[in-house]
Amino acid sequence: MANQPASAAISGRKTAIHPLAVRITHWINAIAIIIMILSGWRIYDASPLFDFEFPDEITLGGWLAGALQWHFAAMWLLVLNGLFYVCYGIVSGHFKSSFLPLTWQSLWREFKNALRGQIPHELGVYNAVQRAAYIGVICMGAVLVLSGLAIWKPVQFQELTALMGGYEGARLVHFIAMTLVVFFILVHLTLVALVPRTLWPMFSGRGAVHGKGNPK
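Residues numbered from 1 in each chain as written. Predicted model: local features only at pLDDT ≥ 70, side-chain atom pairs only at ≥ 80, totals over all residues. Heavy atoms only, no water.

**Student:** Now, about the overall build of the protein chain: what can you tell me, with residues and values included?
**Tutor:** Scanning the protein chain from N- to C-terminus turns up nine helices and two strands. Secondary structure elements in the protein chain, listed N-terminal to C-terminal, are α-β-α-α-α-α-α-α-α-α-β. With 216 residues in all, the protein chain has 37% of them scored as buried. In the protein chain, the proportion of contacts linking residues at least 24 apart, taken out of those at least 6 apart, comes to 70%. For the protein chain, the accessible area works out to roughly 12,700 Å², and carbon and sulfur atoms hold 72% of it. (Helix = DSSP H or I, 4+ residues; strand = E, 2+ residues; numbered from the N terminus. Buried < 20%, exposed > 50% of the residue type's maximum accessible area, 1.4 Å probe, protein only. Contact = heavy atoms within 4.5 Å. Areas by Shrake-Rupley, 256 points an atom, 1.4 Å probe, with all protein chains shown as cover.)

Shown next, in the form of structure tokens:
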């Protein structure tokens, strides 16, 4: 979206930040991802990849068959919603205006600022670390789906499965991608807790912007 007039930026009036399509797909993705993670933990417990299991209290499905039903239902929701979000992001210019440009120099600079606790946050404006994180989690979502297909149908998708190092390799890739997504969620929720004014605009689409920015 275009830059807001200077008068609106200075006065801090509420202005459009998140388009309706972004808000709807965000919350659908959030629900689908949470269902997939919790049911995935139950599926993992049926055949652990490492020497630990997830507590039953934080898993979904009750048993393997139930967890698989939840997992596949959420997978289709995630895929369809994700495809719509990606198409919208490309066609509308949302990706370009929100996540680009992104350079190694800006990423390193913002990362050092984050280590010092210097993270200025303006509604609708993402710094380099945030841009990299959002791009990364979108990529991890794609990896989760592709590795999940390799685990689900290793014969039908044998080329994909082979690319990931076989069935066990696909399971490892799936687990690593899940771990990175969970890490992103935890960091995301922490930042929302630290800057709670960023939450309501994801429901209403509007918020008060101060100073110069480029609300999305």
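**Student:** Lay out the pattern of salt bridges in plain terms, naming residues and giving numbers.
**Tutor:** Throughout the structure, instances matching the rule amount to two salt bridges. Taking the shortest distance from any N to any O, the salt bridge between Asp 56 and Arg 42 comes out at 3.3 Å. You can see Asp 56 sitting in the loop between helix 2 (20-46) and helix 3 (64-92) and its partner Arg 42 sitting in helix 2, a full 14 residues away along the chain. According to the relative accessible area criterion, Asp 56 is partly exposed, its value standing at 46%. (Salt bridge = Lys/Arg side-chain N within 4 Å of Asp/Glu carboxyl O.)

**Student:** I'd like a rundown of helix 6 (residues 128-152), residues and numbers included.
**Tutor:** Given a rise of 1.5 Å per residue, 25 residues ought to cover 36 Å, and the 36 Å separating the end C-alpha atoms of helix 6 matches this to within 8%. Listing the buried residues of helix 6 in full gives Ala 128, Gln 130, Arg 131, Gly 141, Leu 144, Val 145, Ser 147, Gly 148, Leu 149 and Ala 150. (Expected span 1.5 Å × (residues − 1).)

**Student:** If you had to explain the nonpolar core to someone new, which residues and values would you point to?
**Tutor:** Grouped together as the largest cluster of nonpolar side chains are 22 residues, with contacts concentrated most on Ile 37, Phe 54, Leu 78 and Met 178. Listing elements by their share of this core, those giving two or more residues are helix 2, helix 3, helix 6 and helix 8 (166-194). With seven residues, the single largest contributor to this core is helix 2. (Core = buried A, V, L, I, M, F, W, Y, C linked by side-chain atoms within 4.5 Å.)

**Student:** Provide a residue-level description of the packing of aromatic side chains, including the pertinent values.
**Tutor:** For the structure on display, the rule yields 15 aromatic pairs. Ring plane angle 20° and centroid distance 5.8 Å describe the contact between Phe 99 and Tyr 134, whose orientation is recorded as stacked. Of this pair, Phe 99 sits in helix 4 (residues 94-99) while Tyr 134 is found in helix 6, placing the two residues 35 residues apart along the sequence. (Phe/Tyr/Trp six-rings, centres within 6.5 Å; stacked < 30°, edge-to-face > 60°.)

**Student:** Hey, could you go over helix 8 for me, with residue numbers and the actual values?
**Tutor:** The terminal C-alpha atoms of helix 8 lie 42 Å apart, and with 29 residues this matches the ideal 42 Å at 1.5 Å per residue to within 8%. Its buried side turned inward, helix 8 meets helix 2, helix 3 and helix 6.

**Student:** Tell me what's going on with the environment of Arg 23, and back it up with residues and numbers.
**Tutor:** Looking at the element boundaries, Arg 23 is found in helix 2. The spacing of Arg 23 and Phe 203 is 180 residues in sequence and 6.7 Å in space, taken between C-alpha atoms. Those residues in contact with Arg 23, other than ones at most four positions away along the chain, are His 18, Pro 201, Met 202, Phe 203, Ser 204 and Gly 205.

**Student:** Kindly report on the confidence of the model for the protein chain, identifying the contributing residues and their values.
**Tutor:** Here the protein chain averages 83 in pLDDT, and 84% of its residues register 70 or above. Low confidence marks residues 211-216, where pLDDT is under 50. Its contacts with residues over four positions away, or in another chain, come to 26 contacts. (pLDDT = per-residue confidence, 0-100.)

**Student:** Which residues make up a nonpolar patch on the surface, and what values go with them?
**Tutor:** A cluster of nonpolar side chains, contributed by Phe 50, Phe 52, Leu 172, Ile 176 and Leu 180, occupies part of the molecular surface with about 420 Å² of accessible area. Looking at the secondary structure, you find Ile 176 in helix 8. With relative accessibility at 44%, the residue Ile 176 sits in the partly exposed group. (Patch = residues over 30% accessible without salt bridge, like charges linked within 9 Å, V, L, I, M, F, W, Y side chains within 5 Å.)

**Student:** Give a detailed account of the packing of helix 3 against helix 6, specifying residues and quantitative values.
**Tutor:** Look at helix 3 against helix 6: their axes get within 11 Å of each other, and the N-to-C directions meet at 140°. Our classification of the angle between helix 3 and helix 6 gives oblique. Here helix 3 and helix 6 pass one another in a crossing that is left-handed. Every residue of helix 6 that contacts helix 3 at Phe 72, Met 75, Trp 76, Leu 78, Val 79 and Tyr 85 is listed here: Ile 138, Val 145 and Trp 152. By residue class, the composition of the contact of helix 3 with helix 6 is nine nonpolar, no polar and no charged. (Axes fitted to C-alpha atoms, helices over the stretch in contact; angles between N-to-C directions. Parallel < 35°, antiparallel > 145°, perpendicular 65-115°, else oblique. Left-handed = near helix turned anticlockwise from the far one by under 90°. Nonpolar A, V, L, I, M, F, W, Y, C, P; charged D, E, K, R; others polar.)

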